[in-house]
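# Coordinate inspection notes
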Amino acid sequence: MTVSVEVAAIREFLAGCPPFDELPAETLGRAASKVQIAYYRAGDPSAVLDYSSPRLYVVRTGAFEVRDSEGQLLDRVEPGGYFGYPSLLTGDAITNQLTVIEDGLVYQLDGDLFQALRSASRPFDRFFNRAHANRLRHAVRFREQSYQLTRRVGDIFSREPVVASADQTVAEVAKLMTTERVSSVMIVDDRGRLCGLVTDRDLRIRVVAEGRSADTPLADIMTTDLVSVSAESLVFEATLLMTEHNIHHLPVLRDGSPAGMVTTTDLIKAQKADPVLLIGEIGHQETVEGLQQVSRDIPELLGSLIRAGASADQVGRLLTTVTDALTRQLLHQAMDKLGAAPTAFAWLAFGSQGRQDQAAISDQDNGLLLSEGATGEDDSYFKALATHVNDGLDRCGYKYCPGEVMAITDRWRQPLVGWKKQFLGWINQPSTKALMHASIFFDMRCVFGDKALFADLQQTVCNAARGNEIFLANLTANALKLTPPMGFFKHFVLEHSGEHKHAFDMKLRGIMPINDIARIHALAAGSTEIHTLARLREAATNRQITLKDARNLIDAHEFISRLRLEHQGAMLKAGSKPDNYLDPKTLSSLSRHQLRDAFAVVTSAQAALRAKFTRGLM
């Protein structure tokens, strides 16, 4: 299939394709001389990637589809496009499939040549790293909307299988089930293969009801006509099997041997990890205790979203939506108890809830905005309202704010005129404490109540901050105190001692600097946008920053946030309390390389921010 080609023609074509167009002429010429060519026919079943030798494929003509091992569409590639690079970047085995839509000519670069070009050209290297990240995000958009349809059975049972042999007695298995706190035991033969099942129902019906003795061997009472499922099967398939056969215990096998047991309880728990169903359940709870019980499923929701491949932005929005739902339901409960509010009000969310980028660790940052007509007597009502909500959120896992930025605090429960005075004071007299508050209070959103009341406050803040050079200069100088953890020669700067030795804080040193950059540009423009990525896109639209810089910051924010979520998800799965500290040594070489690139983007953006806003302080 491979034939020799005219080097000049290849070079001319590649010179018009990013990132080959960034290569020095000499490097491009050498690369073109080593390129091979292949021709693919539409519908040809032999048109597969070379699984034994990863390569970069450059489409010269034709059209192709790349799908994963499950047939999920990953990319559609046309002339000037690429495929094959993920395995070259990660070193993972090739699992994707190629479908030829239109007859096509494809240039091929072997792995050694690809890696040499990456080493020779930073733009070339960064292009394919970003293309890989975009491929992953693109794949998420094609996933099924219901996470339960794509989850595997192996993901939803949490313990090793409990097994016994057929020659053991009823007494022995009853004791085993009691000790292990299980309602079923899988029976295995001498080779460890599943041959039967005994449930607590079997003990009642086949032993107690029939008057059998405790010495009866399990072979006499066990169920041998079994329905089982593979650990790789979909949860949806397991649900169908249990429904069709009216069973409550479904053995899970790997290579014929027991891997675990799925019960109806497991399926109910898995269903609760669907964000839509979880939010619906929140809306039915009439007590704090009920909300507290439902909120225990939030860590499972986080794990489900991570396993489903949702982007960090999607995860943050979904987790925040759950927090919003809990807040609103607590407000409804309080008003059912206290009666209707005596005047209009708006419940405000600040910080990560305001930005809609919450993660596994979230404390409370909120306040109450009251109408101008609110009296001192009215405040007793609103303090009781705030107490119910703040206490309820704490019980649901959202701890009290260490700085007491909560509606229960008198200072953060004020009429509109009080809030305006507070914000205008921070803007017109930017003290150190005011600048510290900026990272929390200037990311505010109305979660419940009078939106017009909130809009009035927000517009006042935007008008006062827009173009306020002194405020913006001080805000920038304060924000630049947080820098990415990179030293000379691209070494990570890590904690030297303490509990988090050899790690760095992903939130403080990675995500917050990007949030600060986006916030400053939004305030400078008088924008009402709150979400960090939306602020960056708007800044590019307004030409405050270039489109390239905005995209780089968005990619960096997504990458660091994703690392943080995966780290927290792994800690939750291990039964540990999640934190923000990551040891770079736990990452692959590719991820460490991408992390350095992300920090370089932030450092560059901070330098531009300094040049633009702090000149007045020099």
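The structure we're discussing is the one just above.
Now for a look at the structure at hand. Please read all numbers here as calculations on a predicted model, not as lab measurements.

### Some remarks on empty space enclosed by the protein
Under the criterion given, the structure shown has three cavities of 30 Å³ or more. In this structure, the largest cavity spans a volume of roughly 150 Å³. If you trace the largest cavity, you find 17 residues lining it, with Ala312, Asp313, Asp357, His557 and Ser561 closest to the centre. Of all the secondary structure elements, the ones that give two or more residues to the lining of the largest cavity are α13 (312-338), α21 (532-541) and α22 (547-573).

### Section: the layout of surface pockets
Each pocket or cavity is described by its volume, and for the second largest pocket that value is around 1200 Å³. Every residue lining the second largest pocket is counted, 44 residues in all, and those nearest its centre are Ile361, Ser362, Asp363, Lys507 and Arg564. Of all the secondary-structure elements, those providing two or more residues to the lining of the second largest pocket are α11 (288-295), α12 (298-307), α13, α14 (351-355), α17 (432-441), α20 (506-525) and α22. Take the lining of the second largest pocket: its biggest share by element is seven residues, from α20. Among the residues forming the lining of the second largest pocket, the class breakdown is 18 nonpolar, twelve polar and 14 charged.

### Considerations on the packing of aromatic side chains
The geometry of an aromatic ring pair is captured by the separation of the ring centres together with the interplanar angle, meaning the angle of the planes. What the rule picks out here adds up to 31 aromatic pairs. A ring pair is formed by Phe64 and Phe83, whose centres lie 5.7 Å apart and whose planes are at 45°; its orientation type is tilted. A residue pair is termed long-range when its members are at least 10 positions apart, and Phe64 in strand β3 (residues 63-67) and Phe83 in strand β5 (residues 82-83) qualify at 19 residues. We note that Phe64, like Phe83, is buried.

### Considering the sheet that holds strand β12 (residues 249-254)
In space, the three strands of this open sheet follow the order β11-β12-β13, with mixed pairing throughout. Looking at strand neighbours, the two that pair on one side only are β11 (229-230) and β13 (257-263), the edges of this open sheet. In the sheet, β12 pairs with β13 via six bridges, with the strands oriented antiparallel. The partner of Pro251 across the bridge, within β13, is Met261.

### A short note on the side chain of Asn366
By secondary structure assignment, the location of Asn366 is in strand β15 (residues 366-370). Among the polar contacts listed, one links the side chain of Asn366 to the side chain of Asn390, at a separation of 3.1 Å. With near-sequence residues (within four places) excluded, Asn366 lies in contact with Trp347, Leu348, Phe350, Asn390, Leu393, Val405, Met406, Ala407 and Trp412.

### Some thoughts on unusual backbone geometry
For the peptide bond that leads from Pro18 to Pro19, omega is 5°, which places it in the cis range. Secondary-structure assignment places Pro19 in the loop between α1 (7-14) and α2 (25-33). The phi angle at His502 is positive, at roughly 70°, despite the residue not being glycine. With respect to the element layout, His502 can be found in the loop between α19 (469-479) and β18 (504-505). What makes His502 partly exposed here is its relative accessible area of 43%.

Definitions and limits used
Residues numbered from 1 in each chain as written. Predicted model: local features only at pLDDT ≥ 70, side-chain atom pairs only at ≥ 80, totals over all residues. Heavy atoms only, no water. 1 Å grid on protein atoms, 1.4 Å probe; cavity = no way out; pocket = protein on both sides within 12 Å on 5 of 7 lines; lining within 4 Å. Points joined across faces, edges and corners; volume = space filled by probe spheres on them. Helix = DSSP H or I, 4+ residues; strand = E, 2+ residues; numbered from the N terminus. Nonpolar A, V, L, I, M, F, W, Y, C, P; charged D, E, K, R; others polar. Phe/Tyr/Trp six-rings, centres within 6.5 Å; stacked < 30°, edge-to-face > 60°. Buried < 20%, exposed > 50% of the residue type's maximum accessible area, 1.4 Å probe, protein only. Pairing = 2+ DSSP bridges. Polar contact = N/O pair within 3.5 Å; in protein donor to acceptor, adjacent residues only side chain to side chain. Contact = heavy atoms within 4.5 Å.

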